[in-house]
Amino acid sequence: AKEQGKNTFQFFNADMNSQTVERLLLENALRQALEKGEFELHYQPQLSPLRGELLGVETLIRWRHPQLGLVSPVRFIPLAEETGLIKQIGAWVLREACLQMARWDAQGVHVPRVAVNLSARQFEQADLVSMIDGALEAAGIDASRLEVELTESLLMQKPEEAVLVLRQLKALGVTLALDDFGTGYSSLSMLKRFPLDTLKIDRSFVEGLPGDDDSVAIAQAIVAMARKLRYTVVAEGVETAAQSAFLRDNGCNALQGYLFSRPLPAAELPACIDRLAVA
Ligand code: C2E
Ligand code: CA
Ligand code: CA
Ligand code: CA
């Protein structure tokens, strides 16, 4: 016990800077957050550009920390990935998103589809497919109403394995979206390689619309190519009416962004749907 105490003392005094200590504290808090029920899901609407009907929502996780307040996933998802905690967190996200769909159904709130972000570490999970199947089963939700969002870097880590997992997910009936499309270095070869349904144009291409010529050329080319290859095209980060009009006129299938709504807690979605319907 004496030896142990000495080690612990050295552990905290050696070369550790305050950043490392902060990280350790954060990691510990993250470990307990699930048990304490500190995570919550927010949902951001995706709308059809012509009639403004709700096509689905994207699920975005938040951490309601008692001292830090609402913590952005940008701050804790990377740490959750490094520590492997993302597997438990990701499983919770999937279960909760499916259960929420069932709750909306029971309330008569029509949310056709829910999209969930997957991380690279989750993709290594041998039981990923059965976990997703289980989440759908437990909630009694049809697989066609779940879309999983994947990134190029995730798929390219182990492309051969990824193809097999994607095929299994497709066999379940889940749809597959490629997130942040265009930001990777192999975007186009991804399309031949993986059985994807949806391309999400990254916010960085939407930002410059409609004023910046390069953004216009890139956005038009992406949408035209994607439509020709029969993908569903979703634009993310739509903030202005001019961006929305441009994307609508150029054939985007769905729009998502602050112009319509920020990501909202589940309870606030019905009022948002009503507001968007009359707008
Ligand atoms: P993402 O998947 O690219 O999600 C889109 C991000 O853009 C979200 O940030 C969203 O709130 C934000 N956003 C939406 N509309 C607009 C807009 O009009 N303008 C601007 N400037 N931003 C907009 P958020 O919620 O902070 O999430 C950040 C990232 O964290 C996500 O990026 C995703 O990669 C990750 N993430 C979120 N939830 C989960 C999750 O449940 N699991 C995993 N593995 N990752 C998640
Ligand atoms: Ca996403
Ligand atoms: Ca995205
Ligand atoms: Ca993004």
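Being a predicted model, the structure only gives us computed values, none of them experimental. (Residues numbered from 1 in each chain as written. Chains lettered and ligands numbered in written order. Predicted model: local features only at pLDDT ≥ 70, side-chain atom pairs only at ≥ 80, totals over all residues. Heavy atoms only, no water.)

## A word on the coordination of the calcium ion (ligand 2)
Logical step 1: Within the protein, the atoms that donate to the calcium ion (ligand 2) are E58 (OE), N117 (OD1), E149 (OE) and D179 (OD), at distances of 2.2 to 2.3 Å.
Logical step 2: The calcium ion (ligand 3) is placed at 3.7 Å from the calcium ion (ligand 2), the two being bridged by D179. Of this pair, E149 sits in strand β5 (residues 146–150) while D179 sits in strand β6 (residues 175–181), and the two are 30 residues apart along the sequence. Considered together, E149 and D179 belong to a single accessibility category, that of buried residues. (Donors = N, O, S within 2.8 Å, 3.2 Å for Na, K, Ca; no water. Helix = DSSP H or I, 4+ residues; strand = E, 2+ residues; numbered from the N terminus. Buried < 20%, exposed > 50% of the residue type's maximum accessible area, 1.4 Å probe, protein only.)

## Things to note about the pattern of salt bridges
Logical step 1: Counting across every chain of the model gives 12 salt bridges.
Logical step 2: The closest approach of N and O atoms between E53 and R51, which form a salt bridge, is 3.3 Å.
Logical step 3: Judged by its relative accessible area of 40%, E53 is partly exposed.
Logical step 4: Relative accessible area serves as the criterion here: at 68%, R51 is assigned to the exposed category.
Logical step 5: Linking E160 and R193 is a salt bridge whose minimum nitrogen-to-oxygen distance equals 3.7 Å. (Salt bridge = Lys/Arg side-chain N within 4 Å of Asp/Glu carboxyl O.)

## As for the site of ligand 1
Logical step 1: Contacts to ligand 1 come from 23 residues, most closely from Q44, R62, D179, E239 and Y258.
Logical step 2: At a separation of 3.3 Å, an oxygen atom of ligand 1 approaches a polar side-chain atom of E58.
Logical step 3: Between E239 and ligand 1, the recorded distance is 2.5 Å, taken from a side-chain N or O atom to a nitrogen atom.
Logical step 4: Secondary structure elements with two or more residues in the shell around ligand 1: β2 (54–65), α3 (73–83) and β6.
Logical step 5: Here the element with the most residues in the shell around ligand 1 is β2; it accounts for 4 residues.
Logical step 6: When its residues are assigned to classes, the shell around ligand 1 shows 10 nonpolar, 6 polar and 7 charged. (Near = heavy atom within 4 Å. Polar contact = N/O pair within 3.5 Å; in protein donor to acceptor, adjacent residues only side chain to side chain. Nonpolar A, V, L, I, M, F, W, Y, C, P; charged D, E, K, R; others polar.)

## A closer look at the coordination of the calcium ion (ligand 4)
Logical step 1: In the first shell of the calcium ion (ligand 4), the protein supplies D180 (OD), D202 (OD) and E236 (OE), at 2.5 to 3.2 Å from the metal.
Logical step 2: Positions of the donor residues of the calcium ion (ligand 4), expressed as sequence spacing, correspond to D-x21-D-x33-E.
Logical step 3: Here the calcium ion (ligand 4) and the calcium ion (ligand 3) are spaced 3.3 Å apart, and both take D180 as a donor. Of the two residues, D180 is situated in strand β6 and E236 in the loop between β8 (232–235) and α12 (241–249); the sequence distance between them amounts to 56 residues.
Logical step 4: On the basis of relative accessible area, E236 is assigned to the buried category, the value being 12%.

## Quick word on the nonpolar core
Logical step 1: Counting 84 residues, the largest nonpolar core has F123, I132, L150 and L155 as the members making the most contacts within it.
Logical step 2: Considering each element in turn, this core owes the most residues, 10 residues, to helix α4 (residues 86–107).
Logical step 3: Beyond its immediate stretch of four places on either side in the chain, L150 contacts L118, F123, L155, L166, L176, A177, L178, D179 and L196. (Core = buried A, V, L, I, M, F, W, Y, C linked by side-chain atoms within 4.5 Å. Contact = heavy atoms within 4.5 Å.)

## Quick notes on the pairing of β6
Logical step 1: With respect to burial, β6 is a largely interior element, 5 of its 7 residues being buried.
Logical step 2: Alignment of β5 against β6, held across 4 bridges, turns out to be parallel. Paired with E149 across the two strands is A177, which belongs to β6.
Logical step 3: Considered for its hand, the β-α-β crossover made up of β6, helix α9 (residues 187–193) and strand β7 (residues 198–201) is right-handed. (Pairing = 2+ DSSP bridges. Right-handed = clockwise from strand over helix to strand, strands pointing away.)

## Topic: the packing of α4 against helix α6 (residues 128–139)
A pair of packed helices is characterised by two quantities: the angle between their axes and the separation of those axes.
Logical step 1: Interhelical geometry of α4 versus α6 gives an angle of 25° and a closest axis separation of 8 Å. The angle between α4 and α6 falls in the class roughly parallel. Every pair of crossing elements has a handedness; the one defined by α4 and α6 is right-handed. Facing α4, whose interface residues are A91, L94, R95, C98, L99 and A102, α6 presents M131, I132, A135, L136, A138 and A139. (Axes fitted to C-alpha atoms, helices over the stretch in contact; angles between N-to-C directions. Parallel < 35°, antiparallel > 145°, perpendicular 65-115°, else oblique. Left-handed = near helix turned anticlockwise from the far one by under 90°.)

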